[in-house]
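Chains, contacts and geometry: an overview
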Amino acid sequence: MDVKASDLVARALALADLENTSFPTASENRTYINLAFYDVFQEAINEGEKYWFESVELVDGENDLPEDFYQLYDIKIVEKNRRIPRKQRNMGIDDTWYEIKKDKIILNKVPETAVMEYWPKPFELDPIQEGDVDLDFPNNIFYQICALKLAEYYKIKQGADISGIELLLENAWDTYYNVLNRDSDQPLTITDVYTYRRVI
């Protein structure tokens, strides 16, 4: 679902009752969009949102992490449907495990090709960029949550009461969770989360 950044801002300003104001500037808008989207994105992938899912094959030994790597879901040997565990203190060189070191991921004692499933970094708008841009959302309810989160940032900046926005956000998240679970017979359960870094 593509939405113009300007439309997201207009929706958020309306929710925050700030339509007739010079606040915020274009640069502030982009910064707040980044913050709002990051918050919603993180919550969504923690709940198993698969919209952005990416996968890459790995081999035994040292592998480069994808440049867009953000958060790991799991690593498994597909043919055997076998998950590879993260290295623990009690694991040695004869055990099967993976380990992430900086921009590398190391597989140990994995005789077959493995597949890593992960979430890529969320988008980040350049605050000094000019012009409108298209933003990609999984569905309408996700877009509405982003608009509400953006409105919350606007209200916080203005020192205004956010209780009404918080209630709307809570209800919107409940709807989102219901949609997420309805659309999947077996919702994802995050079993081994590794987040590379916050990008904002």
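Let us look at the structure shown here. (Residues numbered from 1 in each chain as written. Predicted model: local features only at pLDDT ≥ 70, side-chain atom pairs only at ≥ 80, totals over all residues. Heavy atoms only, no water.)

Things to note about the sheet that holds strand β3 (residues 61-64)
Spatial ordering of the open sheet is given by β3-β7-β6, a layout of 3 strands whose pairing is antiparallel. Two strands close off the open sheet at either side, each with one partner strand: β3 and β6 (97-101). On average, adjacent strands in this sheet sit at an angle of 25° to one another, irrespective of strand direction. Here β3 pairs with strand β7 (residues 104-108) via 4 bridges, running antiparallel. Counted as the bridge partner of Gly61 is Leu107 from β7. (Pairing = 2+ DSSP bridges. Helix = DSSP H or I, 4+ residues; strand = E, 2+ residues; numbered from the N terminus. Axes fitted to C-alpha atoms, helices over the stretch in contact; angles between N-to-C directions.)

Some points on the packing of aromatic side chains
A complete count under the given rule lists 24 aromatic pairs for this structure. The positively charged end of Lys87 is found above the aromatic ring belonging to Trp97, 4.6 Å away from the centroid. (Phe/Tyr/Trp six-rings, centres within 6.5 Å; stacked < 30°, edge-to-face > 60°. Lys NZ or Arg CZ within 6 Å of the ring centre and 35° of its normal.)

Concerning the environment of Asn29
You can see Asn29 is positioned in helix α2 (residues 26-46). Taking the C-alpha atoms as reference points, Asn29 and Glu99, separated by 70 residues in sequence, lie 38 Å from one another.

Topic: the environment of Phe123
Relative to the elements of secondary structure, Phe123 occurs in the loop between β8 (114-120) and β9 (134-136). Taking relative accessible area as the criterion, Phe123 reaches 23% and is therefore assigned partly exposed. Remark: the alpha-carbon pair of Phe123 and Tyr38, spanning 85 residues in sequence, is separated by 8.2 Å. Once residues lying within four places of it in the same chain are set aside, the contact partners of Phe123 are Ile33, Asn34, Phe37 and Leu135. (Buried < 20%, exposed > 50% of the residue type's maximum accessible area, 1.4 Å probe, protein only. Contact = heavy atoms within 4.5 Å.)

Geometry only, nothing functional implied.
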